[in-house]
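Coordinates in review
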Amino acid sequence: MNNTDKHLIACNDPFHSVVSSFDVVNGMDTYLLGVKNDNHIPSSFVRRLEKTGKYALHTIDHMSASGRAIDLQLVNPLTGRWMTGSSSGTAVNVFLGINDVGIGTDGGGSVLAPAMSLNLFSFMSPILENEHMIQFNKTSTDGIVFHPSLGFITSKKSVLEEIIRDCFELPEYTKNLKIAVSTEDTHAYPFVTEAIKYPDIYGNRQIGIEFLTKALEQYDVVISFEGPVDLVQYGDTVYGHFDKKTQNMQRQSGKGLLRVVNMVSATAITIPSDKLGFGFVLITKSKLENIAGLIVIMNKIPWEEDILVKDYFRNIQTWTRKGFGF
């Protein structure tokens, strides 16, 4: 689709994920940006991206009410279930092809999880606009104090790498990475990993925080294969806190370490798999050298775009068909 087509879909707003949209130049070399409707995101950051000449602000995106982990006002275009929050509209607008890049905020998985639920790529790091973001202290629904971080959502690996490099001057990574994976992760990775015992990463979030903090002291990268995000049950502590039954339902949401990456001030990239709602969560310390290492790993993990999803959801004809006589 060209940018004119993308704007037409934004105006039609088939999933009610667009708060407002702006006219854009129809240039294939210009990436369209969607920005979560969250006052934590500094406009100066968006303007700096625009000044590169490569990005143009296109939409302000719906976010879940009060930043909740599920969005009761939006549906997931793939599953018809409630959309994962809180950067819900931002993920939907990238998924539909309305935008090439979405900018969201992540406290306890609010960028990583929506991207995973739609088989998209994402990146989150506390060092993006750190001096601005660190001033916002928040408390999660399960009582953990944190400050949100910025992140990106894209449908293409190459676009994610490009915007990361546009934000950071990354060094060339030449170090042999020490990479940990779970003993229950049976993927044949195209690089050397060390299998270690992970705790119950889908249960109490504090367990994940303690595990990840220690693991990142011993390893350059921790990889977690997680999902299916919000496909079987919803990962939401608002109802998950009530009793053992609702806690078990929350565990089935497929949200593991992605919920605690920001809470330990780490950086992550998520890579979709060929399974709906499943993906690889690559986690490292928030240093430029380590981010360069994540990109190296990302480019070694095989990925193929789902052609059916692309041809159906990112097709202007899908959203402009009219009834007879109208």
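This write-up is about the structure you can find in this document. (Residues numbered from 1 in each chain as written. Predicted model: local features only at pLDDT ≥ 70, side-chain atom pairs only at ≥ 80, totals over all residues. Heavy atoms only, no water.)

Re the packing of aromatic side chains
Scanning all chains against the criterion turns up 16 aromatic pairs. Ring centres 4.9 Å apart and planes at 55 degrees place the aromatic pair phenylalanine 225 and phenylalanine 280 in the tilted group. Taken as a pair, phenylalanine 225 in strand β13 (residues 221-226) and phenylalanine 280 in strand β15 (residues 279-285) lie far apart in primary sequence, 55 residues in all. Take phenylalanine 225 and phenylalanine 280: they sit in the same class, and that class is buried. In this structure an aromatic cluster arises from ring pairing among Phe15, Phe95, Tyr312, Phe313 and Trp319. One Lys or Arg, arginine 81, reaches over the ring of tyrosine 234 and ends 4.1 Å from the middle of that ring. Lying across the ring of phenylalanine 95, arginine 314 places its NZ or CZ 5.4 Å from the centre. (Phe/Tyr/Trp six-rings, centres within 6.5 Å; stacked < 30°, edge-to-face > 60°. Helix = DSSP H or I, 4+ residues; strand = E, 2+ residues; numbered from the N terminus. Buried < 20%, exposed > 50% of the residue type's maximum accessible area, 1.4 Å probe, protein only. Lys NZ or Arg CZ within 6 Å of the ring centre and 35° of its normal.)

Topic: the packing of helix α6 (residues 157-167) against helix α10 (residues 288-298)
With their axes 11 Å apart at the nearest point, α6 and α10 run at an angle of 165 degrees to one another. Considered as vectors, α6 and α10 are oriented roughly antiparallel to each other. The handedness of the crossing between α6 and α10 comes out as left-handed. On α10, the residues that touch Lys157, Leu160, Glu161, Ile164 and Arg165 of α6 are Ile291, Ile295 and Met298. Looking at the contact of α6 with α10 residue by residue, the class counts come to five nonpolar, no polar and three charged. (Axes fitted to C-alpha atoms, helices over the stretch in contact; angles between N-to-C directions. Parallel < 35°, antiparallel > 145°, perpendicular 65-115°, else oblique. Left-handed = near helix turned anticlockwise from the far one by under 90°. Contact = heavy atoms within 4.5 Å. Nonpolar A, V, L, I, M, F, W, Y, C, P; charged D, E, K, R; others polar.)

So, unusual backbone geometry
Backbone torsion omega between glycine 85 and serine 86 reads 0 degrees, so that peptide bond is classified as cis. Locating serine 86 in the fold gives a position in the loop between β5 (82-84) and α3 (88-95). Proline 228 follows glycine 227 through a cis peptide bond whose omega is -5 degrees. The residue proline 228 is located in the loop between β13 and α8 (237-240) in this model. Positioned with a positive phi, asparagine 119 is a non-glycine residue whose angle comes to about 55 degrees. Position of asparagine 119 among the secondary structure elements: in the loop between α4 (112-117) and β7 (121-125). Assessed through its relative accessible area of 21%, asparagine 119 is described here as partly exposed. In this structure, serine 265 takes a positive phi of about 60 degrees despite not being glycine. Positionally, serine 265 belongs in the loop between α9 (244-251) and β14 (266-272).

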